[in-house]
Structure formats: C-alpha cells, structure tokens
Amino acid sequence: MTEITRRNTLKLMTTALLLAGVGFSSLPGKAFAAGTITVLNWQGYGTDEAWSLKAFTEKTGIEVVHDYYSSESEMLTKLRTNPGTYDLVVLNAARCAQAVAEDLLQPIDFTKVPNAKTVDDNLLSNPNFSKDGKGYAVPWVWGMTSLAIREGMPVPDSYAALADPAYKGRVAMDDDAIINVGVGALMSGQDINDPKDLAAVTAALKSIKPNVKLLWSTEDQWNKSFAAKEFDLSLFWSGGSVRSKRNSKLPVTFVVPKEGGIGWVDGLGIPVSAPNAEGALAFANWMIDPAFYVEWATKVGAPASSNSAALEALPADDLSRQVHKPEYLKTMGIVSGIPDDRREAFNNVWQEVKAFYAE
Amino acid sequence: MQNDQLTLASARGPSGPRSQRSLPSWVSTTALLMPTYGWLTIAVFLPLLTMFAFSFLSATPMGKAPIVFTFKQYRAFIDQPYLVGIGITSLLIGFWTTLFCAILGFLAAVALVRSTFGKTREMLLILILLPFWTNGLVRVFSWTMVLRENGFLDSLLHMVAPEAGSIGFLYTRYAIVVGLVHGYLPYMILTCYIALSTIDDAIIAAAASLGARWWTILFKILLPLAAPGLISGAVLTFIPVIGSFMEPRILGGRVGVTMGTVIEDQFTQAFNWPLGASLSFTLLAVVLAIFATFSGVLRRGTAL
C-alpha cells in the first residue's frame, strides 16, 4: 500500500491536474470543430431557413448564426471592416473577383466539399470565382434578372417593351446601377459588362421615363407594390418571381426576352480571417446538397442550383425548373467583376438617369 | 504693531496660504471641461474630421486601391450638373416641410398652452411624443398604405363618393413632404410649446381687456414672443430634412431622389465614401450659407 507521503500526494495532484488539463484542452477543441459559424447573406435567402439549419445542426453539431446585408457593397464593407467576424459569405460572381483582388477571401479546399463534384464545370471555373487556378468560392446558385409581367398581359419579347407607351406609368425598375446599365446596354445592342457607348445606354434608360412608376430595392418592396397593383411590368429576379408566385400567390410571369437575361451566379466564399473555416466548408457542402436544395426549391422557391445533381432531383413540373431553363444559359450574359473606374462610370450613369426620372 | 500683525495674520489667515498652493483658475476650468470636450472629440469631432479628410481622397481608403489626394470630389456639382437640380429639390423639400411644420406645430402648441391644463396637458404632450417611440421606418411604411392608389385614403373617399377617381398621391413630392412633416412635427411643437409656456398670462389678459381680438393677440403677442421657439424648431427641422433619405426613398418612388439618397448611395451602393463625404460637406456649407444670410432675422427673432 502506498504511503500517504508528501511526494505521493504531489504525484497524485500532478496527475489529476494533467488529466484535468487534457480534458479541458480537448473540450474547446471539439467545440471549435463543431462550434458556431457566422454566415453573412441577404435575409431570407436560403442559408437561414429554420428547417435546414435544424437538420444541419443535428447532422454536424454546428450552430449557424446570421448577419445580413442589404446591398452587395454593404457586404464588402462589412468584410473589410469586421475581420474575424464571418465564416461564410454569400457573394455574387461580380463582387467575388473584387473581394479576391482585395485578399478578403481564402482559397477553397474542395476536398472538404464532396458535393462540388457534380457542380457545373463552367461555373466552377468561372473567372470571377478563381484566381491562379485556385477556386475562391463554391458556386451556389444562379439566376437571371429579366422581365416580369402581370399574368394575362401580352408577353413582351424584347426589353424595348420597357419604353413602350402601352405601359405608361406601369413599370418598376430595380434600383441597381449594374443591372440598369446592363439593360441599357442590351437595349442599345452592347455588351452588358463593357458597353463602349455609355451615352447610348443613358439615352436608352432615359427613354423609359414616362413608364417608370417606382424603383424597388428589396424583394419585399417588390411584392408589396406588385400586390397593390402599382405596376405591371418590371425588372425582376428569376428566383424572386418563383417565390412571389408560390409563396405570395402573385399573378406574375417571368419572361426572358430575345436579348437574353442578365445572369448572375452567387458563390459561397470563406473570408481570410474566418474563425471556423472547417465548419463553413461543411455548411457550403450542405448548401449544394440535393437533399437541402430540393426542399428549399419546392417548399420556398429558389434560384437554380449550381449542382446539376440537385437540379435534376427537382420534380419536372417545378416552377423553379421551368423558370431556369438550360437554354437560357446560352443567351444569358453573366455580370462580371469590372474595374473601379467603369463601376464609377456605371454608378454615375444610373445616378444621372435617376435624377432625370425625378425631374 | 501687534494690531498690524493681527490684521496681517487675519488677511493671510484663511485665504493666503490656500491661494498660494491652489492651481491657477484655468487648470480647474480645463479639468472640469475635459470630460465633455473629450467625449465630443471622440464621438463627434474625430469622425467628422476623418470624413472631412476622406472627402479629399480619390477612393475609399479600404482595400488595395491606390489613394491620391485630390479636389475632384468637390467638383461633383460641376462634373455632374444634374446634382444641382437634386440639391435644389432637397432645399425645396426642406423649405416646404419646415413651413408646414411651423404652421401646424405653432398652432398645436398654442392650443396646448392656451386651452389645456394639468393632467390633460401632460397627456396630450405624451401623445405628441408617442410617434418617437416607434421606429421611423414603420411610420413611413404606414404612410405608403394610406397614400397609395386604393389605399386607406382612397377607401375613405370611395365610401363618400364611390364614383370618384383615385386621390392617392404616393410616389410624388407631396408624399415625401407629408412623411417628413409627420416625422419632424414633434420637434416644432415642443420648441414652440416651451417658448409659449413662458409668456405671462397677464399680458394676454391685458390685451383682451383693452379690446384686442384673438387674431391681434395671436399675431402681435404670441407669435413675436414665441419666435425663438419657432426659429429653433425650424433649424431643428430644416437641417435633418434636407439630408433625409429614408422618406424620399420609400414615399418618393421615381421622384424620390434627393441629396440624402445620393449621399446614401455613395456610401452603401457605389462604395465611394470620398464623394459621399464631399457632397455632405458641400451640403453643410450651403446650409451654413443660408443661415448666415438670414442670421440678422434669426438674431432679431431670438433676441426678443
């Protein structure tokens, strides 16, 4: 039997302390691997569906916290000014190139995103998402901005309809410089990302003035105004039209005219300073999982998933599948990252057009 | 001799040694003012100075774009002449809002002071302050429901005259002014109320006993005596109104483009903080110029 000597007591205490130390140090480690992640996104845009977060937490033990932005530049501002806050950020292809250039994002380890295997190659290698052969965002969903018209009215086949006197005071425009310059470029037969003749773009947008009733900036605002019959024809998002029709039962038809839609791709990026990149990758994988996507698209309404396996899992009569026809991808121009001076020029065009509308 | 020493001692007694040891008066003044000015420096002057410095830069100093010192942001009104029109619109909206606030606010304050007493008056004051307890956005959005076509206003009209067209005027400048007057009226009522409540009742009783009618009392006594309240209320209303962006954006629709929305766009959409800052300071300069022009009137008003 061991004597209770001072040395033995000391040994015992040291062992106990060591054990306790190991136990404690392993605990936060585990908690960190699961832990929480902070997602920065638009409100009500896929990542914050309660049922999905519940399933994800049950599966991985990771809690998901959200912060929201109301414009893409606000998102960039938040990334720049709050390092170490966000683990995953939803960002548009156009802004992704800018964020990568500013070293705001870290390269994605695609081995930890097994669902990315069936993601469309064109989207994965989109120049906005990659730099020096490394991918900086997991392509998530794509969609288009195009025309939406009240059901029962003649379906327009061109953006020229926006200036058609038949729609006097019945048109709503998206309060977004890039989209409007894109529309002006399509109306004047130019490239949406690099229109050489900005004066023609300005003139095309100004020609809509008698028709413009309001400028909307959030989907909620669009829904309320459309429901109140304030306009009939509008620039609108393909996914938004599906949600409005399915959830709010609004009589809206989404139209892609002959000039093609103004396409966008949203990706899931991980900020350089993310405290829990592992957890963020697991969540990104869940976001392109067919199980999540089918439920999101059928119950809520979603843009098209970048994951072809997820899109094919949708029922054939699904609204989202009907709106996001593969043939639209051929005419669709994708909004890309553009240099600062051009962005400033686009913003000035839109400010000038808005001032003209307000006169 | 002894007497002299005594007087000397008593002269030095209580005050002498202390005044030798104590610090000069400016030190204690500074020490007392430090907390206030220190706080003002951190909370107001430093951010403002930063923005002022930003307004001379070529791009927002975040990210990796090279930054150059430039005056070009202050040339915005020359390079983008449509901004002048927007500026004038903003000033006009500010003028009409202030005018309506002044008329309504002054009359409401007169009614409060002259016709109510004790508990009733307290109750009414609380009711006037109630809108401040709700979110401004909620107040503005509720106006959209009233003013839009087939909104509450139209429903009311159609109850009386079913065949009448729509009188909803959402997405016009009038809607913006209505929303702004609603938002800023309490400031005007409170400042006028304070000015009016200091007027001695005896003056009014004297005027009435000498045969002055109500309009004479209103324009010859109440209005001049309440001028300081009216003027400070007007300043409190005018300055925030010309920079407002929420009301124009929500109630103005297509016509809701003001200096406030342009500046907000520069900060949130275009990420061009320098231009936003320079536009803000230009606006500030214009406001100061307006107040300087009318400073004679203002001083006379407040001196009364």
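It should be emphasised that the depicted structure is a prediction, and the values quoted were computed from it without experimental measurement.

**Quick look at the overall build of chain B**
Regarding its fold elements, chain B presents 16 helices and 0 strands. The C-alpha atoms of chain B give 27 Å as radius of gyration, which overshoots the globular expectation for 304 residues (19 Å, by more than 25%). For chain B, buried positions account for 36% of its 304 residues. Counted over contacts in chain B with a minimum sequence separation of 6, partners at least 24 positions apart contribute 65%. Split by element, the accessible area of chain B, about 17700 Å² in all, is 73% carbon and sulfur. Averaging the coordinates of the 18 positive side-chain charges in chain B and doing the same for the 11 negative ones gives two points 10 Å apart.

**What to know about the interface of chain B and chain A**
On the side of chain A, 32 residues touch chain B, which itself brings 27 residues to the contact. Regarding the contact of chain B and chain A, the summed buried area is about 2600 Å², with carbon and sulfur atoms giving 48% of it. Interface area lost by chain B to chain A is led by Tyr 82, Arg 254 and Gln 269 of chain B, which between them contribute 27%. For the pair chain B and chain A, the number of links is 4 salt bridges. Inspection of the chain B/chain A interface yields 12 residue pairs in polar contact (both at pLDDT 80 or more). Looking at the side of chain B that touches chain A, the elements that each hand over two or more residues are α5 (82–115) and α14 (259–268) of chain B. With 4 residues, the top contributor of residues to the side of chain B that touches chain A is α14 of chain B.

**Some points on the nonpolar core**
One recurring pattern in soluble globular proteins: nonpolar side chains tend to sit buried together. Residues and elements named next belong to chain A. Grouped together as the largest cluster of nonpolar side chains are 64 residues, with contacts concentrated most on Met 75, Leu 105, Trp 140, Leu 268, Phe 283, Tyr 293 and Trp 296. Here this core gets 6 residues from one element, more than from any other, and that element is helix α10 (residues 277–287). Excluding its chain neighbours within four sequence positions, the residues that come into contact with Met 75 are Leu 40, Tyr 69, Val 89, Val 90, Leu 91 and Arg 95. Counting residues in each nonpolar core, the second largest holds 33 residues, with Leu 147, Ile 179, Val 212 and Tyr 357 among its members.

**Re the pattern of salt bridges**
Two side chains carrying opposite charge are able to pair once their charged atoms lie near each other. Counted by the stated rule, this structure contains 26 salt bridges over all chains. The partner of Lys 112 of chain A in a salt bridge is Glu 278 of chain A, and the shortest N-O contact between them spans 2.9 Å. With a gap of 166 residues between them, Lys 112 of chain A in the loop between β4 (105–106) and α5 (121–124) and Glu 278 of chain A in helix α10 connect regions that are remote in the sequence. The partner of Asp 232 of chain A in a salt bridge is Arg 170 of chain A, and the shortest N-O contact between them spans 3.0 Å. Taken together, the positions of Asp 232 of chain A in the loop between α8 (219–227) and β10 (233–237) and Arg 170 of chain A in the loop between β7 (138–150) and β8 (171–174) put the pair 62 residues apart, joining distant regions of the chain. Residues Asp 232 of chain A and Arg 170 of chain A agree in their burial class; the two are buried. The network of salt bridges with common partners includes Asp 175 and Lys 354 of chain A together with Arg 249, Glu 264 and Asp 265 of chain B.

**Some words on the confidence of the model for chain A**
Residue and element names in this part refer to chain A. In this model, chain A carries a mean pLDDT of 86, and residues with pLDDT of at least 70 account for 90%. The secondary-structure element of chain A with the lowest mean pLDDT is helix α1 (residues 6–34), recorded at 51, while helix α7 (residues 198–206) shows the highest, at 96. Below a pLDDT of 50 lies the segment residues 20–33, which in the model reaches 4 contacts outside its immediate sequence neighbourhood of four places, other chains included.

**What to know about a nonpolar patch on the surface**
All names here are of chain B. A cluster of nonpolar side chains, namely Val 84, Ile 88, Leu 92, Phe 95, Trp 96, Leu 99, Phe 100, Ile 103, Leu 104 and Leu 107, defines an oily patch on the protein surface of about 900 Å² accessible area. Locating Ile 88 in the fold gives a position in helix α5. The class of Ile 88 is partly exposed, set by a relative accessible area of 47%.

**Digging into empty space enclosed by the protein**
Taken as a whole, this structure holds 1 cavity of 30 Å³ or more when the rule is applied. Here the largest cavity defines a volume of roughly 60 Å³. In terms of lining residues, the largest cavity is bounded by Asp 175, Ala 177, Asn 347, Trp 350, Gln 351 and Lys 354 of chain A together with Asp 265, Gln 266, Gln 269 and Ala 270 of chain B. Tallied by class, residues from the lining of the largest cavity come to 3 nonpolar, 4 polar and 3 charged.

**What about the side chain of Asn 128 of chain A?**
Locating Asn 128 of chain A in the fold gives a position in the loop between α5 and β5 (130–131). Each residue touching Asn 128 of chain A, except ones within four places of it in the same chain, is listed here: Ala 93, Cys 96, Ala 97, Val 335, Ser 336 and Gly 337 of chain A.

**Regarding the packing of aromatic side chains**
Residues and elements named next belong to chain A. A full pass over the atoms with the stated rule returns 30 aromatic pairs over all chains. Arranged with centres 5.5 Å apart and planes meeting at 65°, the rings of Trp 222 and Phe 231 form a pair that is edge-to-face. On the accessibility criterion, Phe 231 (0% relative accessible area) is buried. The interplanar angle of 20° and the centroid separation of 6.3 Å between the aromatic rings of Phe 236 and Trp 237 together place this pair among those described as stacked. An aromatic cluster of at least three residues, connected via ring pairs, comprises Tyr 45, Trp 51, Trp 140, Trp 286, Phe 292, Tyr 293 and Trp 296. Sitting over the ring of Phe 226, Arg 150 keeps its end group 4.0 Å from the ring centre.

**Describing the packing of α7 of chain A against helix α15 (residues 340–358) of chain A**
Residue and element names in this part refer to chain A. Close contact between α7 and α15 brings their axes to 10 Å; oriented N to C, the two are set at 30°. By the angle between their axes, α7 is roughly parallel relative to α15. For α7 against α15, the interelement crossing comes out right-handed. Contacts between α7 and α15 involve Leu 198, Val 201, Thr 202, Leu 205 and Lys 206 from the first element and Ala 345, Phe 346, Val 349, Trp 350, Glu 352, Val 353, Phe 356 and Tyr 357 from the second. Residue classes in the contact of α7 with α15 are distributed as 10 nonpolar, 1 polar and 2 charged.

**Some remarks on the environment of Val 64 of chain A**
Residues and elements named next belong to chain A. Mapped onto the elements of the fold, Val 64 is located in strand β2 (residues 63–68). Val 64 sits 10 residues away from Lys 54 along the chain, and the two C-alpha atoms are 9.3 Å apart. When near neighbours in sequence (up to four residues on either side) are disregarded, Val 64 contacts Ile 37, Val 39, Leu 53, Phe 56 and Phe 283.

**Some remarks on unusual backbone geometry**
Even without being glycine, Lys 249 of chain A reaches a positive phi, approximately 55°. Note on placement: Lys 249 of chain A falls in the loop between α9 (238–247) and β11 (252–255).

Thresholds applied
Residues numbered from 1 in each chain as written. Chains lettered and ligands numbered in written order. Predicted model: local features only at pLDDT ≥ 70, side-chain atom pairs only at ≥ 80, totals over all residues. Heavy atoms only, no water. Helix = DSSP H or I, 4+ residues; strand = E, 2+ residues; numbered from the N terminus. Rg over C-alpha atoms; globule rule 2.2 N^0.38 Å. Buried < 20%, exposed > 50% of the residue type's maximum accessible area, 1.4 Å probe, protein only. Contact = heavy atoms within 4.5 Å. Areas by Shrake-Rupley, 256 points an atom, 1.4 Å probe, with all protein chains shown as cover. Lys, Arg positive; Asp, Glu negative; His and termini not counted. Charge placed at Lys NZ, Arg CZ, Asp CG, Glu CD. Buried area = accessible area lost by both parts, 1.4 Å probe. Salt bridge = Lys/Arg side-chain N within 4 Å of Asp/Glu carboxyl O. Polar contact = N/O pair within 3.5 Å; in protein donor to acceptor, adjacent residues only side chain to side chain. Core = buried A, V, L, I, M, F, W, Y, C linked by side-chain atoms within 4.5 Å. pLDDT = per-residue confidence, 0-100. Patch = residues over 30% accessible without salt bridge, like charges linked within 9 Å, V, L, I, M, F, W, Y side chains within 5 Å. 1 Å grid on protein atoms, 1.4 Å probe; cavity = no way out; pocket = protein on both sides within 12 Å on 5 of 7 lines; lining within 4 Å. Points joined across faces, edges and corners; volume = space filled by probe spheres on them. Nonpolar A, V, L, I, M, F, W, Y, C, P; charged D, E, K, R; others polar. Phe/Tyr/Trp six-rings, centres within 6.5 Å; stacked < 30°, edge-to-face > 60°. Lys NZ or Arg CZ within 6 Å of the ring centre and 35° of its normal. Axes fitted to C-alpha atoms, helices over the stretch in contact; angles between N-to-C directions. Parallel < 35°, antiparallel > 145°, perpendicular 65-115°, else oblique. Left-handed = near helix turned anticlockwise from the far one by under 90°.

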